Amino acid sequence: MARSGLANSPSAPTAIPPSLEVVPKTSAPKRPGSSLAPPPKAARPREGGPAVWSIRRAVSLGTMLLTSLVVVSVGAMAERNTRRALTAELVARLQVQANHLAWVSVSAMLTPYPELTLHPMLRTLRERQRELAIAVVTDQAGIIEGDADPSRLGQRFVPPSGLVPLGGEPGSGWIFSRRPSDRTHPTSGHREKIHPLPASASGSTIVQSRTLLLASVPVVHPNGTRLGTAYVGLRRSYIDEKVQATRRPLIAVLAAFLAASVLGSFLLTSVLLRPIGKLRAGLERIGRGDLDTHLDFGPGTELGRVAQTVNRMATDLKHAQVQAIERERLAHEMHLAQRIQRSLQPTGGLVEAGYVVTGAQRPAAEVGGDLYDVFRLPDGRIGVAIADVSGKGLAGCLVAAMLVALLTVLRESGASPSGVLAALDRRLSAKLQRGSFVTMFLAFIEPRSGQMTYASAGHHAALLVGADGGTEWLKAPGPPIGSDRRNGIGAALRDQTVSLKPGDLVLQTTDGIHETEGGPAGEPFGFDRLIEAACAAAPLGAQAVIDAVSRAVESWRGDAGPSDDETLVVVFRERAPAAADEGFAAPIDRVAEARARGIGLKLPSTLEALVRIDDWIGSTPGLDRLEGPPRELVRLALHELCANIIEHGYRTAPGHEVELWWVPSDGSGSGQAREIAGHFVILDQGAPFSADNWKAPDVRDPRVRKSRRGLGLDLAHRATSRLVVHPGTPIGNVTLVAFDRVAGSQPTEIHNG
Amino acid sequence: MDDTFEFTQAGRRGRVVILHVRGRLDARAAVALMNCGTKVADEGCNLILNLAGVTFIASSGVGTLLALSEVFQEQAGVVRFVELSLSVRTTIELLSLDQMLGIDPDEDSALKVLHAA
């Protein structure tokens, strides 16, 4: 069996894949504590946290490094000088010893056996002076005639290799090679046949190598005959030993100096940094909120200036904190006042017996004492009250709260409006502060006759907008509540009556409306503009008038917020309904009623969203018991009406929503499965639908049948018993739908509101 | 109830194609059904459309049923609608289309009508 499924068609409901889990939002970061909250304790450096680079340690380490550098440099220079001086002294001594040896060797060299004299003398010399490496006397041919080591006697004296003249004197000194014929000049490198002994002006030489200082002095007879040469050599390590011996005390002195320097710098730094510790402690106290902390380091120091700055900062912070506390207190009081004021207003208007009574209030930033109330009296009359308490803020709100409480009790006493106002005055005036008063307008309406009885305690006149568009001010004499505490105001109050005809509308406001300043000259909004706005919207009902007046006042005021509460109430007697649209006039009131007590569904402006209507019907009390053809008719009509709005009304303005409301009738709930008691309200913001351009399609026409279109509204009309469209009202297009009959009804005419 | 629209070729008897339709027959689904029905008509076959599984039919769906009747009539073919669901029956009766559309109680009745034609 071939299968051609459309499971993936756009009309298929889209399921959320289980893999697409909804990730909960992470909790919003906590708002930092208000300025009044105790400031958090200053965080101390955590153990094991980033190391704090101590100034004390840094200075001590720097001092130690610098001192060490100085000590090492001084030590090196001292040792160098010591070595030079010691070397010079030893060279001189060596030369003296060589001269002495040459001098004492003369007599020995004149004897037949000079070695017998020289050997003991040189042995003694070497034993006394261990630092001598060489002490030799040679004859003129270089044969050793005297040495401490007797085995070397008679051998040719060969000086150690690598010897160079000390100080490099020109013409002095030669490098002695082991072969006399193979001698090389130490600087020029030329090889020459020369006399094997050094030749200088005095005949004595000093040469040196890395390990040896060697002095040679000719042994000369007093008659000038040269008899030989005396050699005395000194180990250079002897110089190192002597230098090293002088180095130890120098190091000890320098080490002591280094230690003293580091210790001194550490102590000095500690003393200098002690005020910084105090400064830090003071800043931490300030950080913890102790703004009375005062730092004092003496005005003449750098730290003293820092302390003065910190003290100024703490003082400024304290002042700012006090101001913030005051602001917070005022804001809290204002918030409390606003909550009280909101709680005094009725949650919704009254829509019954052909009347719509409703009101609205836009509170000022500094809350005033306006209030209004709409209520039903036990005898079936409708009551409406509006009042303005002199004084603003929490005090005004508390008076308004007392007024509402008293009114709730006194209005059911059966007294007329003036009687209720007089009773209010008696109970309230004693509690009002001197100079405070309340203006109030109170009206009771007999729904059946349309007679409205009203009285005013110092409130300005109410505006009556007739069904024919004419206007009249409804005046009533009377001073404000609390204005005559001695005699009361009861005697001055008068009840007035007016008969409300269908379509008549009564508007009453507080002074926040007509005293709103604006426009190019900053003049009050006034009563003329109030009349103009109310008259223009009156045919559309009570809510339309409230919206129109509010918009006009807001536009007149401009960007500034209201400086006083703006409160208004409206009593609207609906027009005598036509047979088909009974109760379906005043679309804005119907929307307000739906929003107040209906059950709504907001549909995105997509055809795919229409499937949600089925679920909504199934879950809405009153609709959920529908079954069979009635249920099919309801879902079909609502689907078609909403689809028509989405396809046509929102074609050029997508992205909006369609509001669908079910408004059950009072006392509904006992209907049969084929009946529903109530009506539907559809509100959209799309292009206004003109019923004049619509007509039922003729399905007998083949072209109509092939077009597959045009049946939606026909279906909606056939399925519903009442369908009224109010296009282009101030709040959008309003469609009112009722299903009083079941399937098979004849098509009804569309009523274009 | 699953409202996902789908249609299935349930069988073929000679030149008669039988389609079973399920789910919501709204504007988007109607386009698919119209395309499928037009192909059947273009092949010169007759069509039996079983609507027992249709949970909801919108005006566009009704329009498609009317359009298919017209298309088959132009091709000298026949389309029969059988086993109408409650939604379909209510809507068709509301528009008084039950006399304009070829409606039979079941597929066998429709086949008899087609064989007799």
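Residues numbered from 1 in each chain as written. Chains lettered and ligands numbered in written order. Predicted model: local features only at pLDDT ≥ 70, side-chain atom pairs only at ≥ 80, totals over all residues.

### Comments concerning the overall build of chain A
Helix and strand counts for chain A come out as 14 helices and 28 strands. By residue count, 34% of the 753 residues in chain A fall in the buried class. Counted over contacts in chain A with a minimum sequence separation of 6, partners at least 24 positions apart contribute 68%. (Helix = DSSP H or I, 4+ residues; strand = E, 2+ residues; numbered from the N terminus. Buried ≥ 20, exposed ≤ 12 C-beta atoms within 10 Å, placed from the backbone. Contact = placed C-beta atoms within 7 Å.)

### Comments concerning the confidence of the model for chain B
Should the pLDDT be low somewhere, the predicted coordinates at that spot are not to be read in detail. Averaged over every residue, the pLDDT of chain B is 90; residues scoring 70 or more account for 99%. Listed scores for the predicted complex are pTM 0.43 and ipTM 0.92. (pLDDT = per-residue confidence, 0-100.)

### Focus on the interface of chain A and chain B
Counting from both sides, the interface comprises 35 residues of chain A and, opposite them, 36 residues of chain B. Sorting the residues of the side of chain A that touches chain B by element identifies β1 (3-4), α12 (628-649), α13 (702-707) and α14 (712-719) of chain A as the ones contributing at least two each. Tallying contributions element by element places α12(A) first for the side of chain A that touches chain B, with eight residues. When grouped by side-chain class, the residues that make up the side of chain A that touches chain B number 19 nonpolar, seven polar and nine charged. (Nonpolar A, V, L, I, M, F, W, Y, C, P; charged D, E, K, R; others polar.)

### So, the sheet that holds strand β17 (residues 471-474) of chain A
Residues and elements named next belong to chain A. The six strands are arranged β10-β11-β22-β19-β16-β17 in an open sheet whose pairing can be described as antiparallel. With partners counted over all chains shown, the strands left at the sheet margins are β10 (350-352) and β17, one partner each. Averaged over all adjacent pairs, the angle separating strand axes in this sheet is 15°, with direction ignored. Packing against the sheet, helix α8 (residues 526-537) makes contact with β16 (462-465), β17 and β19 (505-509), and its axis sits at approximately 35° to β16. (Pairing = 2+ DSSP bridges. Axes fitted to C-alpha atoms, helices over the stretch in contact; angles between N-to-C directions.)

### Some words on the packing of helix α1 (residues 55-109) of chain A against helix α2 (residues 114-128) of chain A
Geometry of a packed helix pair, given as the angle between the helix axes and the separation of the axes. Residue and element names in this part refer to chain A. Viewed as axis vectors pointing N to C, α1 and α2 meet at an angle of 150°, and their least axial separation amounts to 8 Å. The orientation of α1 relative to α2 falls into the category roughly antiparallel. Where α1 abuts α2, its residues V104, S105, A108 and M109 lie against P114, T117, L118 and M121. In terms of residue class, the contact of α1 with α2 is made up of six nonpolar, two polar and no charged. (Parallel < 35°, antiparallel > 145°, perpendicular 65-115°, else oblique.)

### Examining the sheet that holds strand β2 (residues 132-139) of chain A
Residue and element names in this part refer to chain A. Taken in spatial order, the six strands of this open sheet run β3-β2-β9-β8-β7-β4, and their pairing is antiparallel. This sheet does not close on itself; its edge strands, each paired only once, are β3 (144-147) and β4 (164-165). Direction of pairing for strand β7 (residues 205-208) relative to strand β8 (residues 212-220): antiparallel, over a ladder of four bridges. Bridge pairing in β8 places V207 opposite L214.

### Section: the environment of A:G649
Residue and element names in this part refer to chain A. Here G649 lies in helix α12. Taking the number of C-beta atoms within 10 Å as the measure of exposure, G649 has 22 and is therefore buried. Taking the C-alpha atoms as reference points, G649 and S605, separated by 44 residues in sequence, lie 9.6 Å from one another.

### A short note on the environment of B:T4
All names here are of chain B. Looking at the element boundaries, T4 is found in the segment before β1 (6-13). Among the residues examined, T4 registers 19 C-beta atoms within 10 Å and is labelled partly exposed. Between the C-alpha atom of T4 and that of T55, which follows or precedes it by 51 residues, the distance is 9.3 Å.

### Some remarks on the nonpolar core
All names here are of chain A. A534, V545, V549, V570 and C642 are the most contacted members of the largest nonpolar core, which totals 159 residues. With ten residues, α12 is the single largest residue contributor to this core. Counting residues domain by domain, this core receives three or more from each of domain 3 (349-573) and domain 4 (587-752). Excluding anything up to four places from it in sequence, V570 contacts T358, G359, L505, V506, L507, A542, V545 and I546. Counting 27 residues, the second-largest nonpolar core is a separate cluster that includes I134, V207, L213 and A230. (Core = buried A, V, L, I, M, F, W, Y, C linked by C-beta atoms within 7 Å. Domains from an automatic or database assignment.)

### What about unusual backbone geometry?
Residue and element names in this part refer to chain B. Even without glycine at this site, A76 takes up a positive phi of about 60°. Positionally, A76 belongs in the loop between α2 (59-74) and β4 (79-82). The class for A76 is exposed, based on 9 C-beta atoms found within 10 Å. Positioned with a positive phi, E83 is a non-glycine residue whose angle comes to about 50°. Structurally, E83 is set in the loop between β4 and α3 (86-94). On the basis of neighbour count, E83 is assigned to the buried category, with 21 C-beta atoms found within 10 Å.

### What about helix α3 (residues 237-287) of chain A?
Residues and elements named next belong to chain A. Helix length check: α3, at 51 residues, gives a terminal C-alpha distance of 70 Å against a target of 75 Å (1.5 Å per residue), a fit within 8%. The sharpest bend along α3 reaches about 35° and sits at L273, with the proline P275 one to four residues further on. Downstream of α3 by a residue or two, G289 has a phi angle that is positive, lying close to 105°. (Expected span 1.5 Å × (residues − 1). Bend = angle between axes of the 7 residues up to and from the residue.)

### A look at α3(B)
The set of residues buried in α3(B) consists of B:S87, B:V88, B:T90, B:T91, B:I92 and B:L94. Packed against the buried residues of α3(B) are α12 and α14 of chain A together with β3 (46-57) and α2 of chain B. B:S96 lies just past α3(B) and shows a positive phi near 55°.

### A few points about the packing of helix α9 (residues 542-557) of chain A against helix α10 (residues 587-597) of chain A
All names here are of chain A. Between α9 and α10, the shortest axis-to-axis distance is 6 Å and the interhelical angle comes to 95°. In terms of orientation, α9 lies roughly perpendicular with respect to α10. Taking contact as the criterion, the partners of A542, Q543 and A544 in α9 are, on α10, I588, D589 and A592. Taken together, the residues of the contact of α9 with α10 sort by class into four nonpolar, one polar and one charged.

### Some thoughts on the pairing of β3(B)
All names here are of chain B. Within β3, nine of the twelve residues are buried, leaving the element largely enclosed by the surrounding structure. In this sheet, β3 lies alongside strand β2 (residues 16-25) in parallel orientation, the contact comprising nine bridges. Across the sheet, residue R22 finds its bridge partner in β3, namely G53. Each parallel crossover has a hand, and the one from β2 via helix α1 (residues 27-42) to β3 is right-handed. Handedness of the β3-α2-β4 crossover: right-handed. (Right-handed = clockwise from strand over helix to strand, strands pointing away.)

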